[in-house]
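Coordinate analysis (summary)
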Amino acid sequence: MLSVGQITSTHGLKGELKVYPTTNDPEVRFRELKSVILKTPKEEIPVTVESVRFMKNLALLKFKEFSGIDAVEKYKGAYVCVPRSEAAELGPDEYYEADLIGMDVITDEDERLGMLTTVYHTGANDVYEIELEGADGRDEKQRKVLIPAIKDCIKNVDVDEGIMTIHVMEGLF
């Protein structure tokens with residue numbers, strides 16, 4: 001499954017939910033949704049999308065299965081997911097975050113650097129957090145490194161092999 005958003009809070013009394021989109025083109029993506037899966041740490045609930053509208057940077061979703069605020073309050077923080085088979089097509093040099101997490105990271109000099117653990121969305125560009133190889137014996141500041149997701153740094157992403165090749169620019173760490 002792939003996340004298309006995360007529920008931030010309720011909206012009104014009729015069971016609408018505010019969803020922070022985690023997709024590139026939220027207006028198009030959310031208007032196409034017919035059904036989704038609400039994923040919490042304890043359960044996965046298939047639901048049918050009744051309505052979608054937008055407010056600022058959030059999508060407001062209403063599901064047919066829930067009729068009021070009491071029924072949806074417990075889903076704050078849940079992820080709105082779709083099966084991978086219903087995922088939007090990606091363009092060149094676009095990747096699903098789920099495919100990047102856990103990827104081995106090597107340098108363009110063929111040295112294993114570590115594993116990509118987190119993707120941060122910063123506005124200008126994403127930033128990848130890499131847990132360095134053999135980080136157990138390092139002090140806290142040397143265990144992880146942040147790499148900007150820009151063409152000067154990210155040289156190749158091979159999703160099938162699970163390998164990202166990067167160029168370590170001077171001063172990054």
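Residues numbered from 1 in each chain as written. Predicted model: local features only at pLDDT ≥ 70, side-chain atom pairs only at ≥ 80, totals over all residues. Heavy atoms only, no water.

Turning our attention to the pattern of salt bridges. A complete count under the given rule lists eight salt bridges for this structure. In this structure, E133 and R112 form a salt bridge, with 2.0 Å as the shortest nitrogen-oxygen distance. With E133 in the loop between β9 (126–132) and β10 (144–148) and R112 in strand β8 (residues 112–121), this residue pair connects regions lying 21 residues apart in the sequence. Looking at E133, the relative accessible area reads 40%, which means it is partly exposed. Taking the relative accessible area as the measure of exposure, R112 reaches 33% and is therefore partly exposed. The partner of K144 in a salt bridge is E129, with the nearest N and O atoms 3.8 Å apart. In this pair, K144 is assigned in strand β10 and E129 in strand β9, connecting sequence segments 15 residues apart. Judged by relative accessible area, E129 falls into the buried class, the value being 11%. Taken together, the shared-partner salt bridges connect D104, R112 and E133 into one network. (Salt bridge = Lys/Arg side-chain N within 4 Å of Asp/Glu carboxyl O. Helix = DSSP H or I, 4+ residues; strand = E, 2+ residues; numbered from the N terminus. Buried < 20%, exposed > 50% of the residue type's maximum accessible area, 1.4 Å probe, protein only.)

One open sheet holds the six strands; their spatial order is β10-β9-β8-β7-β12-β11, and the pairing between them is mixed. In this open sheet, the two edge strands, each paired with only one partner strand, are β10 and β11 (154–158). Strand-to-strand twist across the sheet, computed as the mean angle between neighbouring axes with direction ignored, equals 35°. By the bridge criterion, four bridges tie β11 to strand β12 (residues 163–166) in an arrangement that is antiparallel. Paired with D158 across the bridge in β12 is I163. (Pairing = 2+ DSSP bridges. Axes fitted to C-alpha atoms, helices over the stretch in contact; angles between N-to-C directions.)

Ordered in space as β1-β2-β5-β4-β3-β6, the six strands form a closed barrel in which the pairing is antiparallel. Mean inter-strand twist for the sheet, computed between neighbouring axes without regard to direction, equals 45°. Both strand β1 (residues 2–11) and strand β6 (residues 79–82) contribute to a ladder of four bridges, which runs antiparallel. Residue pairing across strands places G5 opposite V80, the latter belonging to β6.

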